[in-house]
Amino acid sequence: MSMPLQGLDINDSAFESSTPASIKVEPPSDVPSSYSDTQQRSRQIVESVYKIFADHREPNWDGENAEAVSLEARSAALKFLKMLPLKIALPELSAEPDGAIALEWYVSSFRTFLVSLSSGKRLDYAGIFDKDKEIHGKAAFKESIPPIIISSIQRLYKTETE
C-alpha cells in the first residue's frame, strides 16, 4: 500500500483567488529531515511539480507565447504522481506550451511514454514501444490512474523475452 504524498499539504484552495505573482510556489517545508524511501519519493514529487509551476507560471515563458502552467495542471500532476505505484519509476517533468505539465518515461528513442495533464478530469497520452508499435489517446482521470497508462508504462521496461 503506497501513500506517497500522505501528510503533505497540497491543498490548492489557498490558490484559487490568488494572482500569479502572489501564489506560493515553494513546496511545504514542514517535512521532517529523516525520511523513509516513500517519504523521500513524496518530497521529490512535490519539489519537482512546484519547480515546474514556479518556472512556468507566467505567460510567454518560452518567448513564443506559451500559456502559463495552470493551477489545475499543477494539481493534476500532484494527484497523478501521488497515485503512481512505487514500483514505477518517477518520470521527467516538463511544461508544455498549452499550460499543461508533461510526464515522460524515456528508455530510448523507440521506448518512451508521455502523459500530459492540464486538468484533473482528463489526460492525454502517447507512447512508442518499438519502431512500429505506437499508442496515443485521451482518458478520463478521476479517482485513479487509468489502467492503459499503468500498463503502457510497465510495457516500456519489458524485454522482448518477457
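So, how was this worked out
Residue numbering note: each chain is counted from 1, following its sequence as written. Only residues with pLDDT of 70 or above have their local features reported here, since the model is predicted, and side-chain atom pairs are shown and tallied only from 80 upward, although totals for entire chains, interfaces and linings are computed over all residues. To obtain the side-chain values, all non-hydrogen atoms of the structure were included, while hydrogens and water were left out. For two strands to count as paired, DSSP must find a minimum of two bridges between them. We count a stretch as a helix when DSSP gives it H or I for four or more residues in a row; a strand needs E for two or more, and each element gets its number in order from the N terminus. Lines fitted to C-alpha atoms define the axes, with helix axes restricted to the stretch in contact, and inter-axis angles between N-to-C directions lie between 0 and 180 degrees. Residue contacts are defined here by distance: any two heavy atoms, one from each residue, within 4.5 Å place the two residues in contact. Geometric relationships in this document are graded by angle, where less than 35 degrees denotes roughly parallel, more than 145 denotes roughly antiparallel, 65 to 115 denotes roughly perpendicular, and other angles denote oblique. Each helix crossing is assigned a hand: it is left-handed if the near helix lies turned anticlockwise from the far helix by less than a right angle, otherwise right-handed if that turn is clockwise. In this count, Pro and Cys sit with the nonpolar residues alongside Ala, Val, Leu, Ile, Met, Phe, Trp and Tyr, while Asp, Glu, Lys and Arg are called charged and the others, Gly among them, polar. A residue's pLDDT is the predictor's confidence in that residue, given on a scale from 0 to 100. Working definition: with a 1.4 Å probe on protein chains only, accessible area under 20% of the residue-type maximum means buried, over 50% means exposed, and in between means partly exposed.

S.K.: Mind showing me how you'd approach the sheet that holds strand S3 (residues 111-117) here?
M.R.: Hydrogen bonds between backbone atoms are what pair the strands of a sheet, whose relative direction is either parallel or antiparallel. Spatial strand order, S1-S2-S3-S4-S5: 5 strands in an open sheet with antiparallel pairing. The sheet is open, and its two edges are formed by strand S1 (92-95) and strand S5 (133-140), each paired on a single side. Ignoring which end each strand starts from, the neighbouring axes of this sheet average 15 degrees apart. Pairing between S1 and strand S2 (residues 101-108): 4 bridges, direction antiparallel. In the strand pairing of S2, Ser94 is matched with Ala102. Its contacts with the sheet put helix H1 (residues 37-55) on S1 and S2, and the angle it makes with S1 is roughly 20 degrees. Sitting on the sheet, helix H3 (residues 147-156) is in contact with S2, S3, strand S4 (122-130) and S5, with an inclination near 150 degrees to S3.

S.K.: Before we go on, may I ask you to explain the packing of H1 against helix H2 (residues 71-83) in this structure?
M.R.: Packed helices, taken two at a time, are described by the angle their axes make and the gap between the axes. Between H1 and H2, the shortest axis-to-axis distance is 10 Å and the interhelical angle comes to 165 degrees. Regarding the angle of H1 to H2, the classification is roughly antiparallel. As for the relative orientation of H1 and H2, their crossing is right-handed in sense. Across from Ile45, Val46, Val49, Tyr50 and Phe53 in H1, the residues of H2 making contact are Leu71, Arg74, Ala77, Leu78 and Leu81. Residues belonging to the contact of H1 with H2 are distributed by class as follows: 9 nonpolar, no polar and 1 charged.

S.K.: What is the right way to read the confidence of the model for the protein chain from this model?
M.R.: Interpreting fine coordinate detail is not advised for predicted regions of low pLDDT. Predicted confidence across the protein chain gives a mean pLDDT of 82, with 76% of residues reaching 70 or more. The lowest-confidence element of the protein chain is H1, averaging 91 in pLDDT; the highest-confidence one is S3, averaging 97. Per-residue pLDDT stays below 50 along residues 1-22; that stretch engages in 33 contacts with residues further than four places along the chain or on separate chains.

S.K.: So what exactly am I meant to see when it comes to the pairing of S3 here?
M.R.: Regular strands place side chains that alternate from one sheet face to the opposite one. For S3, a buried count of 6 out of 7 residues is recorded, marking the element as mostly surrounded by other parts of the structure. Bridge count between S2 and S3: 7 bridges; the pairing is antiparallel. Within S3, the residue paired with Ile101 across the bridge is Leu117. Counted between consecutive antiparallel strands, the loop separating S2 from S3 contains 2 residues. Where S3 lies against S4, 6 bridges are found, and the strand directions are antiparallel. Across the sheet, the residue bridging to Thr112 is Ile128, located in S4.

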